[in-house]
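Report on the structure
What follows is the residue order along each chain.
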Amino acid sequence: MDLTLLLQLTLNGLIVGALYGVVAMSFVLIYKASQVVNFAQGEFLLVGAWVCWWFLTEWQLPFYAGFIFTLLFMMLFGLVLQMVVLRPLIGEPVISVIMATIGLGIFFQALMKWIFGVFAKPFPPIFETEQVRVLGLEVQTVYLASLGVSLLIMAGFGWFFKASKHGLAMRATAFDQQVAQSLGVSVPKVFAMSWAISAVVSAVAGVVVGVVNGVSSALSFYGIKVFPAVILGGLDSILGAVLGGVIVGLLENWAHYIDSQWLNWGNMFQIAPFYGLVLILLIKPYGLFGTRNIERV
């Protein structure tokens, strides 16, 4: 048993899990506001990563400037997408909106391949030092930076929902749209705001993953990888999304350790989160922190 490798993978799992938690919060944010699961969330990561890469390589902007411009672009992207494509579907069956998000995912996947090609492209060097030592373990600098950004985003979400006017309006809309509207809350504006914030947060995750692995269509797969974290924590729980992301990150890395040390199956890290999801849902069908719906007939 290689304890150093186990500690290394555990640390990696916690850092990557925090990033998963951020993406999972994007899922939850849209679901809480509109009761819609956005199956194009992975493509939001892909678009954000490609846009940032384009700013850095074509415009030769420094990273901080390209990153800020990317976030601004993604905010407008989320607003326009909600107003043009999804707002006309308000009042339609939920399945219609879900199918629309699946169609959007396919469209943006093909669009990015058409514009940027199908091969992975690396980001320009961001940090002078690629790796640092933490407690005697090697950690990529970008992962430490992503951990700091992830914690800031989580703290920002906590403040947003508890103290800000718009966050309270979003919580009210998630609880009951008709009641919120009767109290003066603009439900369409809440929907647009949720999609804009979700696009911005997804872009942050997309840039981090792109810096580590390069930008390619494989980035969109993170939407599927994070979905077990969303269900695991509870589809309408921000805290559950964070915890679910950390659990999935740890499960992936621990499964990789077990597979490399004993099983040698080769793909345990890909399927372990889904096994964990099934086991937990057998015990808690609404997830760890999901709201239990009780219907009387």
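Quick caveat, the model's predicted, so the values are computed rather than measured.

A closer look at the overall build of the protein chain
Tallying secondary structure elements over the protein chain gives eleven helices and two strands in all. Its helices and strands in sequence order give the protein chain the pattern α-α-α-α-β-β-α-α-α-α-α-α-α, from N to C terminus. Here the C-alpha coordinates of the protein chain stretch approximately 60 × 50 × 35 Å along the principal axes. Counting all 297 residues of the protein chain, 47% fall into the buried class.

Structural notes on helix α1 (residues 3-34)
Given a rise of 1.5 Å per residue, 32 residues ought to cover 46 Å, and the 45 Å separating the end C-alpha atoms of α1 matches this to within 8%. Where burial is concerned, most of α1 is hidden: 24 out of the 32 residues are buried. Gln-35 sits one or two residues past α1 and shows a positive phi near 60 degrees.

Some remarks on unusual backbone geometry
Peptide bonds are, in most cases, trans, and in most cases residues other than glycine have a negative phi. Phi angles above zero are rare outside glycine, and Gln-60 is one such case at about 60 degrees. On the accessibility criterion, Gln-60 (61% relative accessible area) is exposed.

With respect to the pattern of salt bridges
Overall, the coordinates contain one salt bridge when judged by the stated rule. The shortest N-O distance in the salt bridge between Lys-225 and Glu-252 comes to 3.4 Å. With Lys-225 in helix α9 (residues 222-233) and Glu-252 in helix α10 (residues 238-263), this pair connects stretches of sequence that are 27 residues apart. Note on Glu-252: relative accessible area 9%, which makes it buried.

Description of the nonpolar core
Membership of the largest hydrophobic core comes to 78 residues, with the highest contact counts inside it found for Met-25, Phe-157 and Met-170. Take this core: its biggest share by element is 15 residues, from α1. Residues within four places of Met-25 in sequence aside, it is in contact with Ile-153, Met-154, Phe-157, Ile-238, Ala-241 and Val-242.

Here's the deal with the UniProt feature "transmembrane region" (unreviewed entry) in the protein chain
Mapped onto this numbering, the UniProt entry gives "transmembrane region" (unreviewed entry) at residues 6-29, 36-56, 62-85, 97-120, 140-161, 190-214, 226-250 and 262-283. Counting secondary structure, residues 97-120 comes out at 83% helix and 0% strand; the distance between its end C-alpha atoms is 31 Å. The distance separating the terminal C-alpha atoms of residues 190-214 is 34 Å; by composition the span is 96% helix and 0% strand.

Structural notes on the packing of aromatic side chains
The geometry of two aromatic rings is summed up by the distance between their centres and the angle between their planes. Taken as a whole and assessed by the stated rule, the structure comprises 16 aromatic pairs. Taking the centre distance of 5.1 Å and the plane angle of 65 degrees together, the rings of Phe-77 and Phe-108 count as edge-to-face. Taken together, the positions of Phe-77 in helix α3 (residues 63-86) and Phe-108 in helix α4 (residues 94-116) put the pair 31 residues apart, joining distant regions of the chain. For the pair Phe-77 and Phe-108, one class covers both residues: buried. Relative to Phe-108, the ring of Phe-107 has its centre 5.2 Å away and its plane inclined at 70 degrees; by these criteria the two rings are edge-to-face.

Concerning the packing of α9 against α10
Close contact between α9 and α10 brings their axes to 7 Å; oriented N to C, the two are set at 130 degrees. As far as their axial angle goes, α10 and α9 are oblique. Crossing of α9 against α10: the hand is right-handed. Residues Lys-225, Pro-228, Ala-229, Leu-232 and Gly-233 of α9 lie in contact with α10, whose contacting residues are Gly-240, Ala-241, Gly-244, Gly-245, Ile-247, Val-248 and Glu-252. Looking at the contact of α9 with α10, its residues break down into six nonpolar, four polar and two charged.

Re the packing of α1 against helix α6 (residues 165-175)
Two measures define how a pair of helices packs: the angle their axes make with one another and the distance between the axes. Packing of α1 against α6 leaves a shortest axis separation of 6 Å and a crossing angle of 60 degrees. Only Met-170, Thr-173 and Ala-174 of α6 make contact with α1, whose side of the interface consists of Leu-29, Lys-32 and Ala-33. Its residues placed into classes, the contact of α1 with α6 shows four nonpolar, one polar and one charged.

Calculation notes
Residues numbered from 1 in each chain as written. Predicted model: local features only at pLDDT ≥ 70, side-chain atom pairs only at ≥ 80, totals over all residues. Heavy atoms only, no water. Helix = DSSP H or I, 4+ residues; strand = E, 2+ residues; numbered from the N terminus. Buried < 20%, exposed > 50% of the residue type's maximum accessible area, 1.4 Å probe, protein only. Expected span 1.5 Å × (residues − 1). Salt bridge = Lys/Arg side-chain N within 4 Å of Asp/Glu carboxyl O. Core = buried A, V, L, I, M, F, W, Y, C linked by side-chain atoms within 4.5 Å. Contact = heavy atoms within 4.5 Å. UniProt positions renumbered as here; feature names shortened; annotations may be inferred. Phe/Tyr/Trp six-rings, centres within 6.5 Å; stacked < 30°, edge-to-face > 60°. Axes fitted to C-alpha atoms, helices over the stretch in contact; angles between N-to-C directions. Parallel < 35°, antiparallel > 145°, perpendicular 65-115°, else oblique. Left-handed = near helix turned anticlockwise from the far one by under 90°. Nonpolar A, V, L, I, M, F, W, Y, C, P; charged D, E, K, R; others polar.

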